[in-house]
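Listed below, chain by chain, are the residues.
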Number of protein chains: 2
Amino acid sequence: MKNLLVAQSGGPTAAINATLCGVIEKAMINTAIEKIYGVRNGVLGILSEKLIELKPALFNTTSLQLLCQTPSSALGSCRMKLSDWKENSLEYEKIISVLKKYNIGYFVYIGGNDSMDTVEKLSSYCKAKNITDIKIIGAPKTIDNDLCETDHSPGFGSAAKYIATTFTEIACDCHVYAMPSVSIVEVMGRDTGWLTASSALARCNGHVSPDLIYVSEIPFDIEQFLEDLQCKLSERMAVVVAISEGLKNQEGYYIADAMQNQQTDDFGHKILAGTGRFLEEIVRHEIGCKVRSMELNVMQRCASHIASACDIYEARLLGNAAADRVINGFSGEMACIKRTSNKPYQIEVVFSPINKIANRVKFVPREWITEQGNDVTHELIDYVMPLVQGEMPVTYHNGIPVHFKL
Amino acid sequence: MKNLLVAQSGGPTAAINATLCGVIEKAMINTAIEKIYGVRNGVLGILSEKLIELKPALFNTTSLQLLCQTPSSALGSCRMKLSDWKENSLEYEKIISVLKKYNIGYFVYIGGNDSMDTVEKLSSYCKAKNITDIKIIGAPKTIDNDLCETDHSPGFGSAAKYIATTFTEIACDCHVYAMPSVSIVEVMGRDTGWLTASSALARCNGHVSPDLIYVSEIPFDIEQFLEDLQCKLSERMAVVVAISEGLKNQEGYYIADAMQNQQTDDFGHKILAGTGRFLEEIVRHEIGCKVRSMELNVMQRCASHIASACDIYEARLLGNAAADRVINGFSGEMACIKRTSNKPYQIEVVFSPINKIANRVKFVPREWITEQGNDVTHELIDYVMPLVQGEMPVTYHNGIPVHFKL
């Protein structure tokens, strides 16, 4: 009998605890597993032996249900990249010694790109050192949806649902006054525009907003942006713009940095203005109409109260499948979603070698962005639409959602 | 037979359309009313005769139901203050002529402070000019909850529910890493701290956040703020702070302005940094830990998908009561909520003379703020708690909420 260890890593999402739940559920009913351990703060917590037994903490279905409606990582997280074990194997030796001490035979690591790098390094280390009794598998999570091999990643659907919903509400808010106005909404995504692109779903229920969508994948040109705005302002009073936080110019520099570096002050001006706030200032100066910028900030990744039921279901499923796979002796893989049909939406869980995933990035395909680079095509909308379907039942107490705490 | 006119004004809320719904419902079943008119963009729309008949647009209960789950003002809004009619009566004459042209006997104006100023001026003008066949009444709405005479205002409860919910989610998000961090969340409220104070409800379900709450009513001292932070950081890793956008220093200047005026650049630095962003910079400089600021921005006033059922119910009730009252011949009043009991929560609708409301501000009582000025007392929580109770059923299509459009 071996024990199973599960950990969470990277930026929080609304779905990562559902994956944790899936792992626990599978491990609970598998007779090959004696104890289920969680570890606080990812691999960092393994190094400091912050392991906790999960069965006593999650002994009933109410706890598991609450866990699924709790955003962020119940086990805590870390942003730690292991060094190359060929150069420095100290951390690896420590991790393996802790895993052996707790009789861990199976380790499920839930996370994004960096976490899959850890899965790759640890599993290849075990293989090279002929450590055959510790199997390591990855389960995906990222609101950014930038993991390769999987059709999409848990966390993305809920973030997209929040973003699309919020854009419909912002659209209602922005259209009330009889005066020209520009509202710039900054969405997460340093390198990829999946989340920003999802704002287009707001138009599916009759809203005209967002009027313009600029994603990280397309070099951003301020002159063209101002022209696009003027064009939209000639059609309607209120223009709502979705932008990725990571907009870069033709030379590959973040646009807020590139422009502001020309005039710095001694108070960290560069830090003070994000991309949206910076563009707000440009619009105020160049167009002169009422203009406002806003950031969806961490709310877009932790708004569990409006999680996508599809997303939570799939997150749980992947946790379940990853646990099953690793218990069956597979190592160095990640559980992936394969979309077998779009209408009706159908998926399968498949497994991909981790080296095809770690340190790679999945961008929005160029053909899903309009030629002008200021909107997305219907292919993008068709792709995201199934992922935001359904609402989760939420337990409220005192008028606000109840969360699970370990 | 006379016609009834209804208009909306001021900043959007999640509940103002429920009040509109209440007005329409009452007018529809009253045989003294022939036509129900709405006007776009408040009094501004009366001046330009943008009246529309509402019965055809809202002919069924489905439309009214969707109207109640639609944020912002379905009729549009304006921010217009009438001049004193004793000095310039031109606008008044024009308004009255339009009302007479459309045979309006009853005018319900839904709005906040500025709108109640309009109700006061228009009704006193009518009285002075002996125009007895046009009755004008106000129905309250404001997320800021700063209207006098009424226990609270529709829109506030839903905003408070969104804020408390979002703080619980942000709390989950902020506590994942094993490193000291400060998160500063800026909440709306230039002059009053009702919304910021409502963040305290997040603690009612076991969260420790927000750790510190600073409202507009209390002069803000940066040194004390840094001391408070250091104290909290000595107790736990992640500290979450709620601040009002309108924090002012001892001299009454907005703190971001006061400090930044000392060093301006030619690019509008002052505009680039809001209160939260400004404090983020101070914390980064003075404490040096991981720090982040975020604004709840317009989302806090338009997040209908998580509206408070209590708020929406009361908003509708006040619209209903205001319409009833004005049809019964009363003028120059506002429909108010009187809390007759807190446990169990019970209210009555009463009416107050508009001159006791217009241009006055209701502040958070000093005794509901802790002596140190960095938190609120249980009296504040007891006051807000009933107002965030209950969730509204929301109609979704394409995975996102459906909104009503006129």
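Here is what the cut-offs are and how they apply
Residues numbered from 1 in each chain as written. Chains lettered and ligands numbered in written order. Predicted model: local features only at pLDDT ≥ 70, side-chain atom pairs only at ≥ 80, totals over all residues. Heavy atoms only, no water. Helix = DSSP H or I, 4+ residues; strand = E, 2+ residues; numbered from the N terminus. Rg over C-alpha atoms; globule rule 2.2 N^0.38 Å. Buried < 20%, exposed > 50% of the residue type's maximum accessible area, 1.4 Å probe, protein only. Lys, Arg positive; Asp, Glu negative; His and termini not counted. Charge placed at Lys NZ, Arg CZ, Asp CG, Glu CD. Least-squares fit on C-alpha atoms with pLDDT ≥ 70 in both. Contact = heavy atoms within 4.5 Å. Salt bridge = Lys/Arg side-chain N within 4 Å of Asp/Glu carboxyl O. Buried area = accessible area lost by both parts, 1.4 Å probe. Polar contact = N/O pair within 3.5 Å; in protein donor to acceptor, adjacent residues only side chain to side chain. 1 Å grid on protein atoms, 1.4 Å probe; cavity = no way out; pocket = protein on both sides within 12 Å on 5 of 7 lines; lining within 4 Å. Points joined across faces, edges and corners; volume = space filled by probe spheres on them. Nonpolar A, V, L, I, M, F, W, Y, C, P; charged D, E, K, R; others polar. pLDDT = per-residue confidence, 0-100. Axes fitted to C-alpha atoms, helices over the stretch in contact; angles between N-to-C directions. Left-handed = near helix turned anticlockwise from the far one by under 90°. Expected span 1.5 Å × (residues − 1). Pairing = 2+ DSSP bridges. Phe/Tyr/Trp six-rings, centres within 6.5 Å; stacked < 30°, edge-to-face > 60°. Lys NZ or Arg CZ within 6 Å of the ring centre and 35° of its normal. Right-handed = clockwise from strand over helix to strand, strands pointing away.

Visitor: Sorry, what's going on with the overall build of chain A here?
Guide: Along chain A, the regular secondary structure elements total 14 helices and 13 strands. Taken against the 2.2 N^0.38 rule, which gives 22 Å for 406 residues, the C-alpha radius of gyration of chain A at 22 Å falls within 12% of a compact globule. Overall size of chain A, expressed as C-alpha extent along the three principal axes, is 70 × 45 × 40 Å. Buried residues in chain A amount to 63% of all 406 residues. Distance between charge centroids for chain A: 9 Å, based on 39 positive and 47 negative side chains.

Visitor: What is the right way to read the relation of the copies chain B and chain A from this model?
Guide: Mapping between the two chain copies consists of a rotation about an axis together with a translation along that axis. Mapping chain B onto chain A is achieved by rotating through 180° and translating by 0.0 Å along the same axis, at an RMSD of 0.0 Å. The transformation just described matches what one would write down for a two-fold rotation axis. In this assembly, 99% of the residues forming the interface of chain B have copies in chain A that are likewise at the interface, indicating an isologous arrangement.

Visitor: Help me understand the pattern of salt bridges, please; the structure alone is not making it clear to me.
Guide: One pass over the structure, following the stated rule, counts 40 salt bridges over all chains. The partner of A:Arg292 in a salt bridge is A:Asp173, and the shortest N-O contact between them spans 3.8 Å. With a gap of 119 residues between them, A:Arg292 in strand β9 (residues 290–295) and A:Asp173 in helix α6 (residues 156–174) connect regions that are remote in the sequence. With a relative accessible area of 1%, A:Asp173 lands in the buried category. Note that B:Asp117 is salt-bridged to B:Lys121, the shortest N-O span being 2.9 Å. Of this pair, B:Asp117 and B:Lys121 both sit in helix α5 (residues 113–128), separated by four residues, roughly a single helical turn. The exposure classification of B:Asp117 matches that of B:Lys121, with both residues buried.

Visitor: Honestly, the interface of chain B and chain A in this entry has me stumped. Any pointers?
Guide: Where the parts come together, the accessible area they lose is often given as the size of the interface. Listed per partner, the contact involves 73 residues of chain B and 74 residues of chain A. Summed over both sides, the interface between chain B and chain A buries roughly 6100 Å², with carbon and sulfur atoms accounting for 56% of that surface. Inspection of the region where chain B meets chain A yields four salt bridges. The partner of B:Arg277 in a salt bridge is A:Glu295, and the shortest N-O contact between them spans 2.6 Å. One can count 37 residue pairs in polar contact (both at pLDDT 80 or more) joining chain B with chain A. Secondary structure elements with two or more residues in the side of chain B that touches chain A: α6 (156–174), α10 (269–272), α11 (275–286), β9 (290–295), α12 (299–302), β12 (396–397) and β13 (400–401) of chain B. Sorting elements by how many residues they give to the side of chain B that touches chain A places α6(B) first, with ten residues.

Visitor: What's the story with empty space enclosed by the protein in this structure? I'm lost.
Guide: Unfilled space is identified by rolling a water-sized probe across the atoms. Under the criterion given, the structure shown has four cavities of 30 Å³ or more. Reported here for the largest cavity is a volume of approximately 150 Å³. In this structure, the largest cavity is lined by 14 residues; those nearest its centre are A:Arg277, A:Met294, A:Glu295, B:Arg277 and B:Glu295. Those elements that provide at least two residues to the lining of the largest cavity are α11 (275–286) and β9 of chain A together with α11 and β9 of chain B. Approximately 80 Å³ is the volume attributed to the second largest cavity. Surrounding the second largest cavity, A:Asp173, A:Cys174, A:Tyr177, A:Met179, A:Ser181, A:Val182, A:Ser183, A:Ala238, A:Lys290, A:Val291, A:Arg292 and B:Arg301 form its lining. Taken together, the residues that form the lining of the second largest cavity break down as six nonpolar, two polar and four charged.

Visitor: What should I look at first to understand the confidence of the model for chain A in this one?
Guide: Residues and elements named next belong to chain A. Taken residue by residue, chain A gives an average pLDDT of 94. The fraction at 70 or more is 96%. Segment residues 262–272: pLDDT under 50, and 26 contacts once partners within four positions in sequence are set aside and those in other chains are kept. Both scores are available for the predicted complex, with the pTM at 0.96 and the ipTM at 0.95.

Visitor: I tried to follow the packing of helix α8 (residues 222–233) of chain B against α11(B) on my own but got confused; where do I start?
Guide: Axis angle and axis distance: for two packed helices, these are the angle between their axes and the distance between the axes, and together they describe the pair. Residue and element names in this part refer to chain B. Direction vectors running N to C along α8 and α11 enclose 65°, while the axes themselves pass 11 Å from each other. Between α8 and α11 lies a crossing of right-handed hand. Residues Ile222, Phe225, Leu226 and Leu229 of α8 lie in contact with α11, whose contacting residues are Phe278, Leu279, Ile282, Val283 and Glu286. The residue inventory of the contact of α8 with α11, partitioned by class, reads eight nonpolar, no polar and one charged.

Visitor: Just to check I follow, could you spell out the environment of A:Leu201 for this structure?
Guide: One can find A:Leu201 in the loop between α7 (194–198) and β7 (212–214). The buried category is assigned to A:Leu201, whose relative accessible area is 1%. The spatial distance from the C-alpha of A:Leu201 to the C-alpha of A:Asn145 is 16 Å, given a sequence separation of 56 residues. Apart from the residues lying within four places of it in its own chain, the contact partners of A:Leu201 are A:Ala164, A:Ile381, A:Val384, A:Met385, A:Val388 and B:Ile400.

Visitor: Got a minute to help me understand α6(B) in this structure?
Guide: An α-helix turns once every 3.6 residues. As a result, residues three or four positions apart point the same way. For α6(B), built from 19 residues, the straight-helix expectation of 27 Å at 1.5 Å per residue is met to within 8% by its first-to-last C-alpha distance of 26 Å. In terms of residue burial, α6(B) counts as a mostly covered element, since 19 of its 19 residues are buried.

Visitor: Sorry if this is basic, but what is going on with the sheet that holds strand β5 (residues 135–140) of chain B here?
Guide: Either a parallel or an antiparallel arrangement is found when strands of a sheet pair, and the pairing is made through backbone hydrogen bonds. Residue and element names in this part refer to chain B. With mixed pairing, seven strands are arranged side by side in an open sheet as β3-β2-β1-β4-β5-β10-β11. Each edge of the sheet is formed by a strand with only one pairing partner; in this case those strands are β3 (51–53) and β11 (345–353). Strand-to-strand twist of the sheet, defined as the mean angle between neighbouring strand axes without regard to direction, takes the value 30°. Against the sheet, α5 engages β4 (104–111), β5 and β10 (333–342), with an angle of about 165° to β5. Against the sheet, helix α13 (residues 309–327) makes contact with β1 (2–8), β2 (33–39), β4, β5, β10 and β11, and its axis sits at roughly 35° relative to β11, the strand it touches most.

Visitor: Please explain the packing of aromatic side chains as it appears in this structure.
Guide: Working definition: an aromatic ring pair is given by the centre-to-centre distance plus the angle between the planes. Applying the stated criterion across every chain yields a total of 22 aromatic pairs over all chains. Geometrically, the ring pair formed by A:Tyr214 and A:Phe225 is edge-to-face, given 5.5 Å between the ring centres and 80° between the ring planes. On the criterion of sequence distance, the pair formed by A:Tyr214 in strand β7 and A:Phe225 in helix α8 (residues 222–233) is long-range, its members being eleven residues apart. Looking at A:Phe225, the relative accessible area reads 0%, which means it is buried. Geometrically, the ring pair formed by B:Tyr214 and B:Phe220 is edge-to-face, given 5.2 Å between the ring centres and 85° between the ring planes. Exposure remark for B:Tyr214: the relative accessible area of 5% places this residue in the buried category. Judged by relative accessible area, which is 5%, B:Phe220 ranks as buried. A connected cluster of aromatic rings, assembled from ring pairs, spans A:Phe156, A:Trp194, A:Trp368 and A:Tyr383. Across from the ring centre of A:Trp194, 5.4 Å away, lies the NZ or CZ of A:Lys362, which sits over that ring.

Visitor: Looking at this model, I keep getting lost on the pairing of β5(B). Mind explaining?
Guide: Residues in a regular strand project their side chains so that they alternate between the two faces of the sheet. Residue and element names in this part refer to chain B. Counted residue by residue, β5 has five buried out of six residues, so it is predominantly covered. Pairing of β4 with β5, which is carried by six bridges, proceeds in the parallel orientation. Among the inter-strand pairings, tyrosine 109 is bridged to a residue of β5, identified as glycine 138. Following the chain from β4 across α5 to the adjacent parallel β5, one finds a crossover that is right-handed. For β5 and β10, the ladder comprises two bridges, and the chain directions are parallel. By the bridge assignment for β10, glycine 138 is matched with methionine 334.

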